[in-house]
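# Architecture at a glance
Chain by chain, the residues:
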2 protein chains.
Amino acid sequence: AMGRTMGLAGLLMGLFLVSAVLVSTSLRHGAPRAEPGPKPAEWEDASGAGPEDSLWPLPQWVRTSRRQLQLAPDRFQLLHGAGSSAGPACGLLQDAFRRYYELMFGQSRWRKRSRRPLGGRAEPELLQLQVVIESQHSGCHSYPHLGSSEAYHLTVTEPVAILKADEVWGALRGLETFSQLVHEDDYGSFLVNESEIDDFPRFAHRGILLDSSRHYLPVKSILTNLDAMAFNKFNVLHWHIVDDQSFPYQSIYFPELSDKGAYSYNHVYTPSDVHLVIEYARLRGIRVIPEFDTPGHTQSWGKGQKDLLTPCYNEEQPTGSFGPVNPILNTTYDFMTKFFKEISSVFPDAYIHLGGDEVNFDCWKSNPNVKEFMKKQGFGIDYAKLESYYIQNILDIVSSYNKGYMVWQEVFDNKAQLKPDTVVQVWIENNYAHELSSVTGAGFTAILAAPWYLDYISYGQDWKKYYSVEPLNFLGSEKQKKLLIGGEACLWGEFVDATNLTPRLWPRASAVGERLWSSSNVTDLEDAYKRLTIHRCRMLRRGISAEPVFVGYCAHEAR
Amino acid sequence: AMGRTMGLAGLLMGLFLVSAVLVSTSLRHGAPRAEPGPKPAEWEDASGAGPEDSLWPLPQWVRTSRRQLQLAPDRFQLLHGAGSSAGPACGLLQDAFRRYYELMFGQSRWRKRSRRPLGGRAEPELLQLQVVIESQHSGCHSYPHLGSSEAYHLTVTEPVAILKADEVWGALRGLETFSQLVHEDDYGSFLVNESEIDDFPRFAHRGILLDSSRHYLPVKSILTNLDAMAFNKFNVLHWHIVDDQSFPYQSIYFPELSDKGAYSYNHVYTPSDVHLVIEYARLRGIRVIPEFDTPGHTQSWGKGQKDLLTPCYNEEQPTGSFGPVNPILNTTYDFMTKFFKEISSVFPDAYIHLGGDEVNFDCWKSNPNVKEFMKKQGFGIDYAKLESYYIQNILDIVSSYNKGYMVWQEVFDNKAQLKPDTVVQVWIENNYAHELSSVTGAGFTAILAAPWYLDYISYGQDWKKYYSVEPLNFLGSEKQKKLLIGGEACLWGEFVDATNLTPRLWPRASAVGERLWSSSNVTDLEDAYKRLTIHRCRMLRRGISAEPVFVGYCAHEAR
């Protein structure tokens, strides 16, 4: 066992080796610099790089030898090692073996030629990668969760490489790393350097937020993004599935919500679409956390569910327009009870994101019935209390289905009573470190999104800005720091659809991916630049239209 | 004949009708507003729009009737009208007929059904579009040029629509407009409103700059962009083909330039690639102006051409690095004479862009031989004089091949002697109106690029900024205003390659397209927003991955 279960001696050895690797890295690349000018030395060129130069995100510790082994695609095998608790019945690993075989050898030149012996090369051969799952609870047939172990240990030595992990989730991460170590030389030979890697994530929650309401995202785009997430060791898809603009989620209990609230009949996610996304994600060790944001951001809900939204008034007359969910009606909670029962059953993850951000009180304030309700409840004119009242009811409903919940920071700021395992997502950029102190100071778990709103674009290499964020750089005790369990790169959809999603998200989100996975002292921008350009070319080769980091080229350009 | 040859009465009538159309437009849409918030009324929704709401760029004048005609795809014909100087031997128009037939009917539902009569609809039928080229010099077998007529007159009435143009170039623009008028209703019927359109471009030079040096652009990406240009009535591809970073142009006389200066053996444009781009462009009425920028921006030239660049010195010792083209050697001019002889013959356009921007004098200043040459020539320490000396030689070489030239504004600023027909491209954003005054004041023709550097990205609807530029808003006489012949949207390639070119360029460049084509009083942002969202959906349907303007959807999303 390794990672979380590593003993003190192992930890110390790990720390020593990390330092050693980093010192040599920093000697090799020099100190980080500001935005590089267009000088030859800065150009992308994936050729001639060593194997360790291509790893992204950088593992916790890596030792590579100069000794190279050769892989013969028609002989090389990925298989279950002796003593593994997983075997051929583990569909998840079987699928991963097939997938990574294809990623390593699939699009290469060797297939175009007849099978041949290892053309007289001197290198010894690597015959197998044996994967050993050490825990009796391999995870093969379950879903990844917040407490899953993603740690792995990889040794690549002649004639067999061994990948050990407690659970399949760690094996998936290790397979990704192994595939990054294998490279094709100019003659079409596949080579890997003898290496040893010990690796585990720094943060447990490493998410990408996609927004399918401002623009509908075809299922194919979402699946492509899940591929890219796996290549960058992300493990949470935060699916902001509905919002004001459209309601593409096709509900089983309330089909009118999408019949009337989706952009069109074509712009919906059917139950089988949703199931496909969840299963595709599971096979890649990615959780799917759906967000059904209320009471604000719900205009599209109102189209298919009568009386759900608050009627707005102008001088005692209804204006015909609607505000947030109506918090004063029993029918609202009846609806939500049934609706979240469905959601709790459709989405297997232990968490549901309940939103709670940006509630505009104007409409509530205009409505005479709401005013009367406020009086009865003794809320005075404090509409944040009404919001908390509503949220409290929703939290209780969702809790009753044994689900945990995530909420945007306003829910905490407005002092709703939260269960201790609530995850508070910090998104307001201004003074987010202070918010992290407050949230964790109150004992709640936090997720950082504020510095990683990737829908905000600007000219130049903005990945450096995302990369340079240190999530734990806030005031708080060690205990508080432990409550920050990760972060999310958010790609809100106002200006994003299938035409530009992939190049806008990748490789910019890769910067966040490394920040959340790798050691806190992996901060050298020049080294990161070098690895990221190679990683971006690898993503291209694997069918992800990741945009360029800067001037340069890839051997395999976008098709 | 119409457009440029329209008499005064016709002009006045045209102006009156333009005003009439605009008044009604502005009544319909209200006054322009600032950045719209996410309100339902602002969302994209291509359904239910009238035919004139989908035209982009807006024609000079349009009159549409409510009377609709139906088109039967299996009967409708595009053909040469009586009295046309072009006939079936005009491959350019034959190709355009096939292309626009496909764009109008190709991807629709009707093909999936058996052929059927016009399902009992009441509308009369439009049977043909007859295209009549009125000038004896149709242009069928020639290349478009700065003086080409792009004017056309289109009448759509039962049973035959007539498209008249002096030259094929106007017919191409009219075909685009006609195809934009035809729309498919919910039942799969194709309809067009009876209409009359008189149209011609406001500016003769409407360009897109693509940069294939910072990143190689696959030929397929360039061709896709030419399609999009035709959909937006652009008529110049300014091909910034080589630069410091790489030399993908495969020269016939000097193959070493790309052998050593291209990113790789794969990252080149062969003579047949170049020919393909030029012919594909010609068939769409688009000129291809290649830019071979010297004496700066030439690092990649130096790899394959010995002694072409200036050796830089540090205290009397060559440093091993090189600066701009060496202007003091005869061999430089021998090379350029031969090189531009090839370029003049490979590229048929009457203009070559010779660059001349951003020359850094440091290396010249460091070189003792250059210093001696300066002394001999009596240039003192004014290196701008040396630059002008070099440019002057290049201009003379290119002139000797009967080519005109375009240059970046520095060449004018540095007072090189320019031929009267030189086109000066204004690119420095700061105070560009003043530069336009100076250039045209000196009697030179100008092209505006400064406010349209589309590689500079920012969050939100920046198309409005590009749209709101008024090119003639500079101090100068009427004669000076006439010397501003157009503009270019520039997509420099530092952060652009095939992964993100199309969505980054379109529909942002469409805003520039309308500014350069339509009347100066077409400035209503709300009306433009409405038409642009529909136009963007049309581009998607036609296979151009144009990014969204704002929240919303298209009936046919990106595939």
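Residues numbered from 1 in each chain as written. Chains lettered and ligands numbered in written order. Predicted model: local features only at pLDDT ≥ 70, side-chain atom pairs only at ≥ 80, totals over all residues. Heavy atoms only, no water.

## So, the pairing of strand β12 (residues 317–325) of chain A
All names here are of chain A.
- As paired elements, strand β11 (residues 309–314) and β12 share four bridges and run antiparallel to each other. Looking across to β12, one finds that Y313 is bridged to P318.
- If you look at the hairpin formed by β11 and β12, you'll find two residues sitting between the two strands, and E315 has a positive phi there, around 50 degrees. (Pairing = 2+ DSSP bridges. Helix = DSSP H or I, 4+ residues; strand = E, 2+ residues; numbered from the N terminus.)

## Observations regarding the side chain of A:D198
All names here are of chain A.
- Relative to the helices and strands, D198 is located in strand β7 (residues 190–199).
- Despite being buried, D198 has no salt bridge partner; R63 is the closest side chain of opposite charge, sitting 10 Å away.
- A distance of 3.5 Å separates a polar atom in the side chain of D198 from a polar atom in the side chain of H153. (Buried < 20%, exposed > 50% of the residue type's maximum accessible area, 1.4 Å probe, protein only. Lys, Arg positive; Asp, Glu negative; His and termini not counted. Salt bridge = Lys/Arg side-chain N within 4 Å of Asp/Glu carboxyl O. Polar contact = N/O pair within 3.5 Å; in protein donor to acceptor, adjacent residues only side chain to side chain.)

## Brief notes about the relation of the copies chain B and chain A
- Least-squares fitting of chain B to chain A yields an RMSD of 0.0 Å, with the superposition described by an axial translation of 0.0 Å and a rotation of 180 degrees. Both copies are brought into coincidence by an operation consistent with a two-fold rotation axis. If distances are taken from each C-alpha of chain B to the rotation axis, the shortest is found for B:S458, at 2.4 Å.
- Here 100% of the interface residues in chain B have copies in chain A that are interface residues too; the copies meet face to matching face. (Least-squares fit on C-alpha atoms with pLDDT ≥ 70 in both. Contact = heavy atoms within 4.5 Å.)

## Brief notes about helix α3 (residues 168–181) of chain A
- Over its 14 residues, α3(A) extends 20 Å from the first C-alpha to the last, a length consistent with the 20 Å expected when each residue adds 1.5 Å.
- Buried residues dominate α3(A), accounting for 14 of its 14 residues. (Expected span 1.5 Å × (residues − 1).)

## Focus on the interface of chain B and chain A
- Contacts between chain B and chain A engage 44 residues on the former and 44 residues on the latter.
- Between chain B and chain A, the buried area comes to about 3600 Å², and carbon and sulfur atoms account for 64% of it.
- Our enumeration of links across chain B and chain A arrives at four salt bridges.
- A:R536 is the salt-bridge partner of B:D497, the closest N and O atoms lying 2.5 Å from each other.
- At the surface where chain B touches chain A, the tally comes to 20 residue pairs in polar contact (both at pLDDT 80 or more).
- Among the secondary structure elements, those contributing two or more residues to the side of chain B that touches chain A are α16 (501–505) and α18 (525–541) of chain B. (Buried area = accessible area lost by both parts, 1.4 Å probe.)

## Quick word on the packing of aromatic side chains
All names here are of chain B.
- A complete count under the given rule lists 75 aromatic pairs over all chains for this structure.
- Taking the centre distance of 5.2 Å and the plane angle of 85 degrees together, the rings of F247 and W301 count as edge-to-face. Taken together, the residues span a long stretch of sequence, with F247 in the loop between β9 (236–240) and α5 (256–261) and W301 in helix α7 (residues 299–304) at a distance of 54 residues. The pair formed by F247 and W301 is uniform in burial state, with each residue classed as buried.
- Considering the side-chain rings of F292 and W301, the 6.3 Å spacing of their centres and the 90 degrees angle between planes classify their relative orientation as edge-to-face. (Phe/Tyr/Trp six-rings, centres within 6.5 Å; stacked < 30°, edge-to-face > 60°.)

## Some points on the UniProt feature "domain: Glycoside hydrolase family 20 catalytic" (unreviewed entry) in chain A
- If you check UniProt for "domain: Glycoside hydrolase family 20 catalytic" (unreviewed entry), the listed places come out as residues 203–519 of chain A in our numbering.
- Along residues 203–519 of chain A, the helical share is 40% and the strand share 18%, with 10 Å between the first and last C-alpha atoms. (UniProt positions renumbered as here; feature names shortened; annotations may be inferred.)

## Section: helix α4 (residues 219–231) of chain B
Residues and elements named next belong to chain B.
- Between its terminal C-alpha atoms α4 stretches 19 Å, which fits the 18 Å expected from 13 residues at 1.5 Å a residue.
- When you tally the buried positions in α4, you get 11 out of 13 residues, the bulk of the element.
- V219, S221, I222, L223, N225, L226, D227, A228, M229, A230 and F231 are the residues of α4 that are buried.

## A look at the nonpolar core
- With 137 residues, the main nonpolar core has A:F178, A:F292, A:F339, A:F340 and A:W506 as its most contacted residues.
- If one sorts the elements of this core by residue count, helix α2 (residues 91–105) of chain A sits on top with eight residues.
- Two domains each put at least three residues into this core: domain 1 (51–107 + 122–199) and domain 2 (205–542) of chain A.
- With sequence-adjacent residues up to four places away left out, A:F340 is seen in contact with A:F292, A:I352, A:L354, A:I394, A:I397, A:V398 and A:Y401.
- In terms of nonpolar packing, the next biggest core, distinct from the first, is built from 136 residues, B:A161, B:A228, B:F254 and B:I544 among them. (Core = buried A, V, L, I, M, F, W, Y, C linked by side-chain atoms within 4.5 Å. Domains from an automatic or database assignment.)

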